[in-house]
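Secondary and tertiary structure notes
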Amino acid sequence: MKKLVTGALAGLVAMLAIVSTTSAEEPANVRVGHGIPGGDLGLPAELPVDVLVNDSICLLEGFTFGEFAGPVPLDAGTYNIKISVADAADPCSNGPVIEADVPFAAGEDATVLAHLDADGNPTASKFVNDLSRAGFFKSRLQVHHAAAAPTVDITVERPSWWRWFGGSLTIEDASNGAQAAAEVYPFKWDVSIAPANTDTPVFETSLFVRPFRTYLIYAVGSVDTGSFTLLVEPVKTGSGFSWWR
């Protein structure tokens, strides 16, 4: 469900070094995600886009739905980000579909996600990631509602035959932009999303969780068009044991 953009990262870091200035503060670590299915806007499903930073750095070219890039270290501060439909011949030359001034604090890890708002319009949101070490042999699930959908209940729980071991995570009455997190033991977890205050899921899937990770989970797409899905980015957070990698 997710592809990590690896080939461009070395160049990406080098370009952002031009944007960032030398600072004694700890930099922010910034990730970028593409969560807009093009079909919901009458465009190709992968919806390639270009990402322009501070009107001077063409950060990403041909960035497609489901991809994540980063993290990239940035000095604390506010950055102007413009997202436009990709132009292969002249990257970052089209007018922006999404534009935002995004602040980043020193030392924070954050994801800037392009997604649909509750009414199905393209937008972008910044989500701060908790990548601190979870409890012993646990991982953290951090779930975000970033879909064109009404208020929903999002539940992450063990399969019924294993539910006695581990607890669950539920976001009730979640509107677009809501997020929640919980620490869980590894193995299989079921994810269901239902209209708020109902028991009939509109989306169900399973997630296999490994220990010592934070799983950044984004509900994206549209319930009405059937493009509703989850994007998942697992991030290693360390075990505290040198023998575990």
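Residues numbered from 1 in each chain as written. Predicted model: local features only at pLDDT ≥ 70, side-chain atom pairs only at ≥ 80, totals over all residues. Heavy atoms only, no water.

With that settled, consider the packing of aromatic side chains. Both the distance between ring centres and the angle between the ring planes are used here to describe each pair of aromatic rings. This structure, assessed with the given rule, holds seven aromatic pairs. A centroid spacing of 5.4 Å and a plane angle of 65° characterise the contact between F203 and F228, whose relative ring orientation is edge-to-face. Here F228 lies in the loop between β16 (213-220) and β17 (229-236) and F203 lies in strand β15 (residues 203-209), a separation of 25 residues in the sequence. A relative accessible area of 14% places F203 in the buried class. Aromatic ring contacts, followed pair by pair, group F68, F127 and Y218 into a single cluster. (Phe/Tyr/Trp six-rings, centres within 6.5 Å; stacked < 30°, edge-to-face > 60°. Helix = DSSP H or I, 4+ residues; strand = E, 2+ residues; numbered from the N terminus. Buried < 20%, exposed > 50% of the residue type's maximum accessible area, 1.4 Å probe, protein only.)

Read from one edge to the other, the open sheet built from four strands follows the order β12-β11-β14-β15, with strand pairing classed as antiparallel. Both edges of this open sheet fall to β12 (168-174) and β15, since each of them pairs with a single strand only. Neighbour-to-neighbour, the strand axes of this sheet turn through a mean angle of 15°, independent of strand direction. Here six bridges tie strand β11 (residues 152-157) to strand β14 (residues 187-195), and the two strands are oriented antiparallel to one another. When the bridges of β14 are listed, V156 appears paired with V191. (Pairing = 2+ DSSP bridges. Axes fitted to C-alpha atoms, helices over the stretch in contact; angles between N-to-C directions.)

This next bit is on the side chain of S139. Locating S139 in the fold gives a position in strand β10 (residues 139-145). Polar contacts involving the side chain of S139 include one to the main-chain carbonyl oxygen of R210, which spans 2.4 Å. In terms of polar contacts, S139 uses its side chain to reach the backbone amide nitrogen of F212, at 3.1 Å. Residue contacts for S139: discarding those within four places in its chain leaves A134, A182, E183, V184, V209, R210, P211, F212, R213 and Y215. (Polar contact = N/O pair within 3.5 Å; in protein donor to acceptor, adjacent residues only side chain to side chain. Contact = heavy atoms within 4.5 Å.)

What follows covers the pattern of salt bridges. Applying the stated rule across the entire model yields seven salt bridges. Here E108 ties to K126 by a salt bridge, and the two come within 2.7 Å at their closest N and O atoms. Of the two residues, E108 is situated in the loop between β7 (98-104) and β8 (109-116) and K126 in strand β9 (residues 122-129); the sequence distance between them amounts to 18 residues. By relative accessible area, which is 30% here, K126 ends up partly exposed. R140 is the partner of E183 in a salt bridge, and the nearest nitrogen-oxygen pair spans 3.4 Å. Note that E183 is positioned in strand β13 (residues 179-184) and R140 in strand β10, a separation of 43 residues in sequence. For R140, a relative accessible area of 4% corresponds to the buried category. Bridged by salt links that share partners, the residues R31, D109 and E233 form one connected network. (Salt bridge = Lys/Arg side-chain N within 4 Å of Asp/Glu carboxyl O.)

Attention now moves to the sheet that holds β13. Overall, mixed pairing links the four strands, which are arranged β13-β10-β16-β17 in an open sheet. Edge positions in the sheet fall to β13 and β17, since each has one partner strand and no second. Taken over all neighbouring pairs, the strand axes of this sheet differ in orientation by 20° on average, direction set aside. Here β16 pairs with β17 via eight bridges, running antiparallel. By the bridge assignment for β17, Y218 is matched with L231.

L60, I83 and F104 are the most contacted members of the largest nonpolar core, which totals 25 residues. Those elements that place two or more of their residues in this core are β2 (28-34), β3 (49-53), β4 (57-63), β5 (67-74), β6 (77-85), β7 and β8. Counting residues in hydrophobic clusters, the runner-up holds 24 residues, among them A149, L169, A182 and V184. (Core = buried A, V, L, I, M, F, W, Y, C linked by side-chain atoms within 4.5 Å.)

Moving on to the confidence of the model for the protein. Predicted confidence across the protein gives a mean pLDDT of 85, with 84% of residues reaching 70 or more. Per-element averaging of pLDDT across the protein places strand β1 (residues 3-4) at the bottom with 36 and β8 at the top with 97. For residues 241-245, every residue scores under 50 in pLDDT, and the model assigns this stretch six contacts once sequence neighbours within four places are set aside. (pLDDT = per-residue confidence, 0-100.)

Looking now at the side chain of H115. Tracing the chain through its elements places H115 in strand β8. Separated by 3.4 Å, the side chain of H115 and the backbone oxygen of A146 make a polar contact. For H115, the residues in contact, after removing those within four places along its chain, are G35, I36, N121, P122, T123, A124, S125, A146 and N176.

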